[in-house]
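# Descriptive analysis of the structure
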Amino acid sequence: MLHDLIVIGTGPGGYVCAIRAAQLGMKVAVVEKRATHGGTCLNVGCIPSKALLHASEMFEQAGHEFASLGVVVDKPKLDHSAFMKHKDDTVAANVNGVGFLLKKNKIDAFHGTGVIKSAGKVEVTDADGKVTSLEAKNIVIATGSDVASPPGVKVEFDERVIVSSTGALTLSKAPAKLVVIGAGVIGLEMGSVWRRLGADLTVVEYLDRILPGMDSEVAKQFQRIQEKQGVKFKLSSKVTAVEKTKSGAKVVFEPVAGGEAQTLEADVVLVATGRRPYTDGLGLEAAGVALDRGRVVIDNRFATNVAGIYAIGDVVRGPMLAHKAEDEGIAVAEIIAGQHGHVNYDVIPGIVYTMPEIASIGKSEEDLQAAGIAYKVGKFPFTANGRARAMRSTDGFVKVLADATTDRVLGAHILGFGAGELIMEVAVLMEFGGSSEDLARTCHGHPTLSEAVKEAALAVEKRQIHM
């Protein structure tokens, strides 16, 4: 059967692309190597990790914070089976939902390994070895990313003692000692889950700071908060070995600047040193598709150098974020249909789902300084927000960055409870080219955490009210 479009991979980018293409009248097929749709994000990434983050936060609140609110309960006990069932149920609801949407939109789904034989031709080999040949006018590569190991270090994952983010979702119990290699988003999120459940947590990071790429002021204050919560950091530290031992595992590292090697013993080691584009076995080289350090090379319309083959999401340039892939999926479907799909890469939020959360959008101060752009800063702390006080969630602040001449908002950074939700009003403002004045003069409900965003906008012109 000839299709208008074949999408390889049904993660957030792939399934969204397929649905949008079907809405536009195309005959669409998807190829998925997993037994379920949703890709890494829904199966072993974003969704299950958020389920565990939420449950572990509730556990910690019951044990340490309820009493201060006058809620007296016995010391909580963790039912590990129920804890994991919550995660599994959440995953099942989401992946089943994607399967339903594909059927609803009359999209043909093929499970197996897809290989691009040439422009317009894909072979799918299922678990039983059966090969199905598909043809289409267009192909979209949306195969996502896979775990990356520390440079120069051989890591043998068994997903029980030495684990990736996948194994960290299925530990049989909270380890007494957990070492996380990498102080990025994944490491800090998953590390925080098991710390709340009793793990002694140490994070080893090659750089001299945590959360590379995030606003440095936010990262520094967040590190202080994490240290108060009991997290230990070994920064400017190069990992040279990760090995299993009789009792668990060990991590050997040395100062980046040179010096004596140190060893950390652990029950579990989580390697969270980033991800790499997943293009293995796709047949891209044979098909003539150009790659650059593992990434698929595309133009500004998501087209590769081979006519009729496109790529989106983690396999192409830009941040490896599910929502970025979704927007690209919609855009490329519209482009293939002859419309004018686009993605505004200046307005893509980044969120760290720890407690407190971190959310960022647009430029950081470091970005603006490097570009020589004059800007103004407005900041407001949650300690001065009435709703935050009532919730006993006063850690953090809101920072708004605006062009010094035009007042157009160029970026915003939030450290605090619910930051991932709060950042979205700034995203909408920035999408429409709004100014700090626009945000400051927008009436916000009282008492809400969002008032801190308004006050930060007011602070751009030094006219904040509540501090």
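Before going into details, it helps to say that this report is about the structure given with it.

Procedures and definitions
Residues numbered from 1 in each chain as written. Predicted model: local features only at pLDDT ≥ 70, side-chain atom pairs only at ≥ 80, totals over all residues. Heavy atoms only, no water. Helix = DSSP H or I, 4+ residues; strand = E, 2+ residues; numbered from the N terminus. Contact = heavy atoms within 4.5 Å. Buried < 20%, exposed > 50% of the residue type's maximum accessible area, 1.4 Å probe, protein only. Core = buried A, V, L, I, M, F, W, Y, C linked by side-chain atoms within 4.5 Å. Pairing = 2+ DSSP bridges. Axes fitted to C-alpha atoms, helices over the stretch in contact; angles between N-to-C directions. Salt bridge = Lys/Arg side-chain N within 4 Å of Asp/Glu carboxyl O.

### Looking at the side chain of Ser435
By the secondary structure assignment, Ser435 is in the loop between helix H12 (419-431) and helix H13 (436-440). Those residues in contact with Ser435 that sit more than four places away from it in its chain are Asp407, Arg408, Val409 and Leu429.

### Let's talk about the environment of Ala82
Within the secondary structure, Ala82 is located in helix H4 (residues 80-104). Each C-alpha atom, one on Ala82 and one on Ala266, is 26 Å from the other, the two residues being 184 residues apart in sequence.

### Observations concerning unusual backbone geometry
Looking along the chain, the bond that leaves Met355 and enters Pro356 is cis, with omega of 0°. In this fold, Pro356 is placed in the loop between strand E20 (350-352) and strand E21 (357-362). Cis geometry is found at the peptide bond from His446 to Pro447, where omega equals -5°. Checked against the element boundaries, Pro447 lands in the loop between H13 and helix H14 (451-459).

### A short note on the side chain of Ser164
Among the structural elements, Ser164 can be located in the loop between strand E8 (162-163) and helix H5 (165-168). Accessibility expressed as a relative area gives 3% for Ser164, which makes it buried.

### Concerning H14
Summarising burial for H14: eight of the nine residues are buried, a large majority. In this structure, the buried side of H14 is in contact with strand E22 (375-381), strand E23 (397-403), strand E24 (409-416), H12 and H13.

### What to know about the nonpolar core
Looking at soluble globular proteins, one finds that nonpolar side chains tend to be buried together. Judged by nonpolar contacts, the single largest core of 54 residues is most densely connected at Leu5, Ile116, Val140 and Phe302. For this core, the element with the highest residue contribution is helix H1 (residues 12-23), accounting for seven residues. In this structure, Trp194, Val218, Val231 and Phe233 belong to the second largest nonpolar core, which totals 37 residues.

### Considerations on the sheet that holds E22
If you trace the five strands from one edge of the open sheet to the other, you get E20-E21-E24-E23-E22, paired in antiparallel fashion. Pairing within the sheet leaves two strands with one partner each, and these edge strands are E20 and E22. In this sheet, adjacent strand axes meet at a mean angle of 10° when their direction is disregarded. On top of the sheet, H14 reaches E22, E23 and E24; it is set at about 140° to E22, its chief contact.

### Considerations on the pattern of salt bridges
Enumeration according to the criterion identifies 25 salt bridges in this entry. With its nearest N and O atoms 3.6 Å apart, the salt bridge here joins Lys154 to Glu156. Through salt bridges that share partners, Asp215, Glu217, Glu365, Lys379 and Lys399 make up one connected network.

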